[in-house]
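# A look at the structure
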Amino acid sequence: MARARNGSSANTKLLFAATIASISSTALGFGIAESASWSKRGLFFGTRSRLQFAQFAATTTAEVAETSQSVSLPSWEDLAARSASPEQREPVLTLYRDTNGWCPFCERVWLCIRAKNLPYRERLINLQDKPEWFKELVPTTLVPAILLHDDQQQQQQQQQQGETDDADASTSKPQRRLIWESLDIMKALDDAFPSTPRMVLDSPEYLEASAQGSSLTGAGVKFTYGARNATRTAQEMAELKNAFEEELDVMDQALAAHGGPFRLGPDFTGVDAEIIPSMERWRYQLPITHDMDILNGRPNMQRWFDALDAFEPYSNRVSGDAYSWAAVSSTFLKIFGGEETPKLKATIEKADAAAAQIVNNFVVAAESVTSPATAAKEAAAKLISNHEAVVNDCTNQDPKSQKHVARASDADAADAILRHVASILVSPSDDVLATARSATMAHVVQEDKHAEASLAAQTVASRVCAPRDMSAPAAILLRGVLKIVADRLDNQ
């Protein structure tokens, strides 16, 4: 029974694994096949830019009015120095997960780690080209997996107890432990860190809720991927949809029975972590791909999503956002939609139109970010540490995904406008969007390069994906700044 709950079901897990592996390097954004993922912080850090200028500070509205002299762009090294993050806590484990942040089994583990507020290190695995060291390390060769730093924990305990000079203590130091399979990892985290909130509960209510979550996931997968089977009749598809709707109703009723807002009541548990990866996708993608709104007529489910959207461990790093899921929908359809029929073509066009509509509202969305200063720091750190990959991506004339998104061709113009954007993000202003609207753009790029610089900014905005590249709040804010800067260039 535990094994079945660990992956919803063997068939469901295999289907998810095949899906994620197939899209890991071809879908939205800067995947390994195109250039390095933004999440691989430090890969290009310290590489000297081709353009070196004096340090620049983004100006406020008042300063713009008083400034008549030309302002120089900062170098990437200057920007890196200004965006230096505070010292982080020593990680107590290493998480091995997929590069794009789409694997539902990785997501549930990732979320539990953050819910426990555990400092961790990440190693991102390209599922289409797994490194040999990972295949040798993990017997299943699958993600997720974690490596518990038991040796570090004991050393810290010994230091606190004044035992660091005890020879017997040092020789009895435990080795680091590797654990795989998502449910096994969730249980191991509870055992290894007993002072943190427990995720997997030993209660009949938890087991029942977990089993219902597995049934819901299975029904949803059968319905959403059912159309791939060309032999299915309209009647069979209707039956699959009815079965899925019934499971959604069961969850909505269960949320009400336990008082909410989470699945078992007021506290987040592992059951929520098991369910949210699939529910998040359905929430954003099914209105586009299947004309189905899972929240329609389910107020308790809406309340559950509201609670998760306000739950920092989820919303501030693990969750995707409406644009990321809309933009990737057409890619999914092209890969998994089967034979290209008029209906499939129309759905792909609908997905691209939905993404384009969100693009038009990038600035409005950015204005709703609740902690803009924090989001700006994260976006700046990601952009600065991976600037070469970003420039290469937005000027790539032969992209592997989002081919309908126009690319710039002038790398120097792209580099310059992105340094301008980074300088806005690291500015001390309390209102980053106001700074984007008012910061002087004199000599950012030559006038005859405005169109190329604007296109580069718009391309990057369309390519940023959450949670692969950064958190949803950081991605939303970065897109807003890029859109403002692009619009200003277009209107000059």
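About the thresholds
- Within every chain, residues take consecutive numbers counted from 1 along the sequence as written.
- Given that this is a predicted model, residues contribute local features only at a pLDDT of at least 70 and side-chain atom pairs are listed and counted only at 80 or more, while totals for whole chains, interfaces and linings are drawn from all residues.
- Values shown for side chains rest on all heavy atoms present in the structure; no hydrogens or waters enter the calculation.
- Only DSSP runs of H or I with at least four residues qualify as helices, and only runs of E with at least two residues qualify as strands; both kinds are numbered from the N terminus onward.
- Using a 1.4 Å probe on the protein chains alone, a residue whose accessible area is under 20% of its type maximum counts as buried, one over 50% counts as exposed, and one in between counts as partly exposed.
- Here, residues are in contact when the closest pair of their heavy atoms is within 4.5 Å.
- All accessible areas in this document rest on Shrake-Rupley with a 1.4 Å probe, and a residue is counted as covered only by the protein chains that are shown.
- Throughout, an axis means a line fitted to C-alpha atoms (over the contacting stretch in the case of helices), and angles, computed between N-to-C directions, take values from 0 to 180 degrees.
- Note that the term roughly parallel is reserved for angles under 35 degrees, roughly antiparallel for angles over 145, roughly perpendicular for angles of 65 to 115, and oblique for everything else.
- Three classes are used: nonpolar for Ala, Val, Leu, Ile, Met, Phe, Trp, Tyr, Cys and Pro, charged for Asp, Glu, Lys and Arg, and polar for all others, with Gly counted as polar.
- Strands pair, by our definition, only if DSSP identifies at least two bridges between them.
- Handedness is read with the strands pointing away from the viewer; a crossover is right-handed when the path from the first strand over the helix to the second is clockwise.
- Neither His nor the chain termini are counted; the positive set is Lys and Arg, and the negative set is Asp and Glu.
- Salt bridges are defined as contacts in which a side-chain nitrogen from Lys or Arg sits within 4 Å of a carboxyl oxygen from Asp or Glu.
- Two rings from Phe, Tyr or Trp (for Trp, the six-membered ring) form a pair when their centres are within 6.5 Å of each other. A pair whose planes differ by under 30 degrees is stacked, one over 60 is edge-to-face, and the rest are tilted.
- Throughout this description, the term charge over a ring refers to an Arg CZ or Lys NZ atom that lies within 6 Å of the ring centre and within 35 degrees of the ring normal.

### Quick word on the overall build of the protein chain
Within the protein chain one finds 23 helices and four strands. Every one of the 492 residues in the protein chain was classed for burial, and the buried ones make up 54%. Considering only residue pairs separated by 6 or more positions, the protein chain has 80% of its internal contacts joining residues 24 or more positions apart. For the protein chain, the exposed surface amounts to about 21600 Å²; the carbon and sulfur share of it is 49%.

### Considerations on the packing of helix H5 (residues 104-115) against helix H9 (residues 182-192)
Helix-helix packing is described using two parameters, namely the angle between the two axes and the distance between the axes. Direction vectors running N to C along H5 and H9 enclose 10°, while the axes themselves pass 9 Å from each other. Between H5 and H9, the interaxial angle falls into the category roughly parallel. For the pair H5 and H9, the contacting residues are Phe105, Arg108, Val109, Cys112 and Ile113 in the first and Ser182, Ile185, Met186 and Leu189 in the second. When the residues that make up the contact of H5 with H9 are grouped by side-chain class, the tally is seven nonpolar, one polar and one charged.

### What to know about the pairing of strand S1 (residues 93-98)
Most of S1 is tucked away, with six of its six residues classed as buried. With six bridges joining them, S1 and strand S2 (residues 120-125) adopt parallel strand pairing. Within S2, the residue paired with arginine 97 across the bridge is leucine 124. Since S1 and S2 lie parallel, the crossover through H5 that links them has a hand, and here it is right-handed. Of the pairings in the sheet, the one linking S1 to strand S3 (residues 145-148) comprises four bridges and is antiparallel in character. Of the residues in S3, the one forming a bridge with threonine 94 is leucine 147.

### As for the side chain of lysine 130
Counting through the fold element by element, lysine 130 comes out in the loop between S2 and helix H6 (132-137). One buried charge, lysine 130, has no salt-bridge partner; the nearest side chain with opposite charge is aspartate 129, at 10 Å. Every residue in contact with lysine 130, bar those within four places of it in the chain, is listed here: Ile125, Lys135, Thr141 and Leu142.

### So, the environment of lysine 483
Here lysine 483 shows up in helix H23 (residues 472-491). A relative accessible area of 19% means that lysine 483 is categorised as buried. Considered as a pair, lysine 483 and threonine 459 are 24 residues apart in the sequence and their alpha carbons are 9.7 Å apart. Dropping the residues within four chain positions of it, lysine 483 is found in contact with Val359, Phe362 and Val363.

### Here we look at the packing of aromatic side chains
Summed over all chains, the structure comprises 11 aromatic pairs. Ring centres of phenylalanine 244 and tryptophan 282 lie 4.8 Å apart, and the angle between their planes is 70°; on these two criteria the pair is classed as edge-to-face. Here phenylalanine 244 is found in helix H11 (residues 234-257), whereas its partner tryptophan 282 is found in helix H12 (residues 270-289), with 38 residues between them in sequence. Note on tryptophan 282: relative accessible area 6%, which makes it buried. Linked through ring pairs, Tyr96, Trp133 and Phe134 together constitute an aromatic cluster. In this structure, arginine 97 packs its charged tip against the face of tryptophan 110, placed 3.8 Å from the ring centre.

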